[in-house]
Amino acid sequence: AYLAQWGKAHWESQYLKYGVNTIWNWGKDSGLRPCSVYLRHCVLASWNCGGAKNGSWSSDDSITGGLCYDSFLDDTYLVDRETTIRDYLKQCPDVMATGPPESLRERYGG
């Protein structure tokens, strides 16, 4: 996705020449997964950026968000570089039910 948007020359000049082979230096097969609480926070933040077409957030696929929301879900990938956030949320719907710990509820907006 990065190369498609920015091009190989940009990647090579900005990262590869400094020895950075991946964005976060995690291999595709690392198994790294997002922190549920933080991912939920990011999903809700992208929803609240405005432009949502169908009311409040829901895991229902018929809900269409605004540009920020849809872009975040469809253009952001897990470390495997294949699974979108939208697909990950379908596989792990409990993410959106995972509220922040009491000590962080105010910071994360509930």
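Residues numbered from 1 in each chain as written. Predicted model: local features only at pLDDT ≥ 70, side-chain atom pairs only at ≥ 80, totals over all residues. Heavy atoms only, no water.

Engineer: So what exactly am I meant to see when it comes to the layout of surface pockets here?
Structural biologist: A probe matching the size of a water molecule, rolled over the atoms, marks out where space remains unfilled. Approximately 930 Å³ is the volume attributed to the largest pocket. Taken together, 24 residues line the largest pocket, and the ones lying closest to its centre are I23, W24, Y77, L78 and V79. Going through the elements one at a time, helix 1 (2-6), helix 3 (36-47) and helix 4 (67-75) are the ones with two or more residues in the lining of the largest pocket. Take the lining of the largest pocket: its biggest share by element is three residues, from helix 3. A breakdown of the residues in the lining of the largest pocket according to their chemical character gives 18 nonpolar, three polar and three charged. (1 Å grid on protein atoms, 1.4 Å probe; cavity = no way out; pocket = protein on both sides within 12 Å on 5 of 7 lines; lining within 4 Å. Points joined across faces, edges and corners; volume = space filled by probe spheres on them. Helix = DSSP H or I, 4+ residues; strand = E, 2+ residues; numbered from the N terminus. Nonpolar A, V, L, I, M, F, W, Y, C, P; charged D, E, K, R; others polar.)

Engineer: For this particular structure, what's the right way to read the pattern of salt bridges?
Structural biologist: As a working rule, side chains carrying opposite charge can pair if their charged atoms are close by. In the structure shown here, the tally under the stated rule is four salt bridges. Of the charged contacts, one joins D74 and R86 as a salt bridge, the two residues approaching to 2.6 Å between their closest N and O atoms. With D74 in helix 4 and R86 in helix 5 (residues 85-91), the pair connects residues that are twelve residues apart, well separated along the chain. On the basis of relative accessible area, R86 is assigned to the buried category, the value being 18%. Among the ionic pairs, R105 bridges to E102, the shortest N-O distance being 2.6 Å. Of the residues examined, R105 reaches a relative accessible area of 36% and is grouped as partly exposed. Judged by its relative accessible area of 61%, E102 is exposed. Residues joined in a network through salt bridges with shared partners are D70, D74 and R86. (Salt bridge = Lys/Arg side-chain N within 4 Å of Asp/Glu carboxyl O. Buried < 20%, exposed > 50% of the residue type's maximum accessible area, 1.4 Å probe, protein only.)

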